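# Report on the structure
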Amino acid sequence: MRYWLMKSEPDEVSFDDVLAAPGATVAWFGVRNYQARNFMRDAMAVGDGVLFYHSGGKLPGVAGIAEIVSGPYPDASQFDAASHYHDPKATPETPRWISVDVKAVEAGRFVPLAELRTVAALDDMVLLQKGSRLSISPVTKAQYTTIVALVRGKGA
DNA sequence: GCCAACGTTGGC
DNA sequence: GCCAACGTTGGC
């Protein structure tokens, strides 16, 4: 079992949106970075833990706990000419981008990025490295446990 | 809105 | 295969 941090723009898909979805499950679509795609394709497994992160807004941070509930499959938006995520080079025969299904598991306290930066145990997190922009990044079990505790409301 | 950092594209 | 130009991400 592995652990991941997955970024979403809350204007597009927020943690609350996922909680409200049928089964609290959504398809994670729109990843257009090969490194992030390869994590989904090669390293993720059903049951992996996910820190659901909100980026781009006024207050970036971890919005909730989720988990991976499907294997990889082709991201439908790559074939949709009307989609912002359309990829003209992708065809159903040779898809380029993939999705996985993510289920919201536990809401709690929103933990801002600025707070994560104050936690010494998280210094090595991929998210916190200078210049890091990966939309999906691996998290160690220790980092995951630390952040889950923060989400559950224990002080930093 | 700014800008640092990174990824992708395309000419050569 | 190199690398400059361009586009995007995302925090501030």
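Residues numbered from 1 in each chain as written. Chains lettered and ligands numbered in written order. Predicted model: local features only at pLDDT ≥ 70, side-chain atom pairs only at ≥ 80, totals over all residues. Heavy atoms only, no water.

Chain A goes by Putative RNA-binding protein with PUA-like domain in an unreviewed UniProt entry, where it is assigned to Massilia aurea.

## Considering the pairing of strand β4 (residues 61-68)
Counted residue by residue, β4 has seven buried out of eight residues, so it is predominantly covered. Pairing geometry for strand β3 (residues 49-54) and β4, over six bridges, is antiparallel. Across the sheet, the residue bridging to V50 is A66, located in β4. In this antiparallel pair of consecutive strands, β3 and β4, the connection spans six residues, and G56 shows a positive phi of 85°. (Buried < 20%, exposed > 50% of the residue type's maximum accessible area, 1.4 Å probe, protein only. Helix = DSSP H or I, 4+ residues; strand = E, 2+ residues; numbered from the N terminus. Pairing = 2+ DSSP bridges.)

## Remarks on the layout of surface pockets
Computed from the structure, the largest pocket encloses a volume of approximately 520 Å³. What lines the largest pocket is a set of 20 residues, among which K7, G30, V31, Y85 and S135 lie closest to the centre. In terms of residue count, strand β2 (residues 25-28) provides more of the lining of the largest pocket than any other element does, three residues in total. Taken together, the residues of the lining of the largest pocket sort by class into eight nonpolar, seven polar and five charged. (1 Å grid on protein atoms, 1.4 Å probe; cavity = no way out; pocket = protein on both sides within 12 Å on 5 of 7 lines; lining within 4 Å. Points joined across faces, edges and corners; volume = space filled by probe spheres on them. Nonpolar A, V, L, I, M, F, W, Y, C, P; charged D, E, K, R; others polar.)

## Description of the UniProt feature "domain: EVE" (unreviewed entry) in chain A
In this numbering, the UniProt entry assigns the feature "domain: EVE" (unreviewed entry) to residues 2-149. End C-alpha to end C-alpha, residues 2-149 measures 17 Å, and it is 20% helix and 30% strand. (UniProt positions renumbered as here; feature names shortened; annotations may be inferred.)

## Quick look at the packing of aromatic side chains
For the coordinates displayed, the defined rule picks out six aromatic pairs. Aromatic side chains F15 and F52 sit 5.3 Å apart centroid to centroid with 65° between the ring planes, which places their arrangement in the edge-to-face category. Of this pair, F15 sits in helix α1 (residues 15-20) while F52 sits in strand β3; the two residues are 37 residues apart in sequence, bridging distant segments of the chain. Here F15 and F52 have matching classes, each one buried. Each ring, one from Y34 and one from W97, has its centre 4.8 Å from the other, and the planes form 35°; the classification is tilted. Here Y34 is found in helix α2 (residues 34-43), whereas its partner W97 is found in the loop between β5 (73-74) and β6 (98-112), with 63 residues between them in sequence. (Phe/Tyr/Trp six-rings, centres within 6.5 Å; stacked < 30°, edge-to-face > 60°.)

## Regarding the protein's contact with DNA strand B
If you check the shell around DNA strand B, you find N33, Y34, Q35, K130, G131 and R133 and nothing else. Each atom of DNA strand B within 4 Å of the protein was assigned to sugar, phosphate or base; sugar and phosphate come to 74%. In this structure, a phosphate oxygen belonging to DNA strand B sits 2.6 Å away from a side-chain N or O atom of K130. In the environment of DNA strand B, a base oxygen lies 2.8 Å from a nitrogen or oxygen atom belonging to the side chain of R133. Residue composition of the surface near DNA strand B, grouped by class: one nonpolar, three polar and two charged. (Near = heavy atom within 4 Å. Polar contact = N/O pair within 3.5 Å; in protein donor to acceptor, adjacent residues only side chain to side chain.)

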